[in-house]
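A structural walkthrough
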Amino acid sequence: MKWLSLLFLAFVLLGCQTGNSEGRDQSERPFIHSVYFWFKEGVTEEQKEHFFTDAEKLRDIEVVQALYTGVPAETTRPIVERSYDFAVIVHFKDLAAHDVYQQHPIHLALLENGATLWEKVMITDVN
């Protein structure tokens, strides 16, 4: 019975591996860019809504494969980070697409127009 448990564990572990990244350079792997914003005290709801609308425009950038925006979900588990005010999650084909996005006028306008609204920004990139 013990060997059956070990076989099952090996099967599960092998099944969890992704075949997508094998033999591929990291620059060719999907790239996920996550940005979390903490707004300054005193930022109005109108200013936030304007920023949210501007963030949605990022989906018009040709290299963006998927875009998710929003506020923290109503989850209450102690390990869930909910202190941020707004998040933007962007999926790209690869690192090169992300690099194009970083210099795109829509992205640069969002940064320029919103920079006075936040006190903290945290970015995580997954490749």
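See the structure printed just above.
Residues numbered from 1 in each chain as written. Predicted model: local features only at pLDDT ≥ 70, side-chain atom pairs only at ≥ 80, totals over all residues. Heavy atoms only, no water.

1. A closer look at the pairing of strand 1 (residues 31-39)
Within strand 1, eight of the nine residues are buried, which leaves the element mostly enclosed by the surrounding structure. Where strand 1 meets strand 3 (residues 86-92), seven bridges bridge the pair, whose relative direction is antiparallel. Across the sheet, the residue bridging to tyrosine 36 is alanine 87, located in strand 3. In the sheet, strand 1 pairs with strand 4 (residues 118-126) via eight bridges, with the strands oriented antiparallel. From the neighbouring strand, tyrosine 36 faces strand 4, where its bridge partner is methionine 122. (Buried < 20%, exposed > 50% of the residue type's maximum accessible area, 1.4 Å probe, protein only. Helix = DSSP H or I, 4+ residues; strand = E, 2+ residues; numbered from the N terminus. Pairing = 2+ DSSP bridges.)

2. Description of the pattern of salt bridges
Two side chains that carry opposite charge are able to pair once their charged atoms sit near each other. Evaluated as defined, the whole model comprises four salt bridges. Salt-bridge contacts for aspartate 54 lead to lysine 57; the nearest nitrogen and oxygen are separated by 3.2 Å. Relative accessible area serves as the criterion here: at 42%, lysine 57 is assigned to the partly exposed category. Between glutamate 74 and arginine 82 there is a salt bridge, with its nearest N and O atoms 3.6 Å apart. Using a relative accessible area of 71% as the deciding quantity, one classes glutamate 74 as exposed. (Salt bridge = Lys/Arg side-chain N within 4 Å of Asp/Glu carboxyl O.)

3. Brief notes about the pairing of strand 3
Burial analysis of strand 3 places six of its seven residues in the buried class, the great majority of the element. Bridge count for strand 2 (residues 64-70) against strand 3 is six bridges, and the pairing is antiparallel. Among the inter-strand pairings, leucine 67 is bridged to a residue of strand 3, identified as valine 90.

4. Structural notes on helix 4 (residues 105-114)
Every buried residue of helix 4 is accounted for by His107, Leu110 and Gly114. For helix 4, the angular spread of the buried residues around the axis is 60 degrees, confining them to a single face. For helix 4, the exposed residues set more than 90 degrees away from the buried face come down to Pro105 and Glu112. Looking at the buried side of helix 4, the elements it contacts are helix 2 (45-56), helix 3 (95-103) and strand 4. (Arc of directions from axis to C-beta. Contact = heavy atoms within 4.5 Å.)

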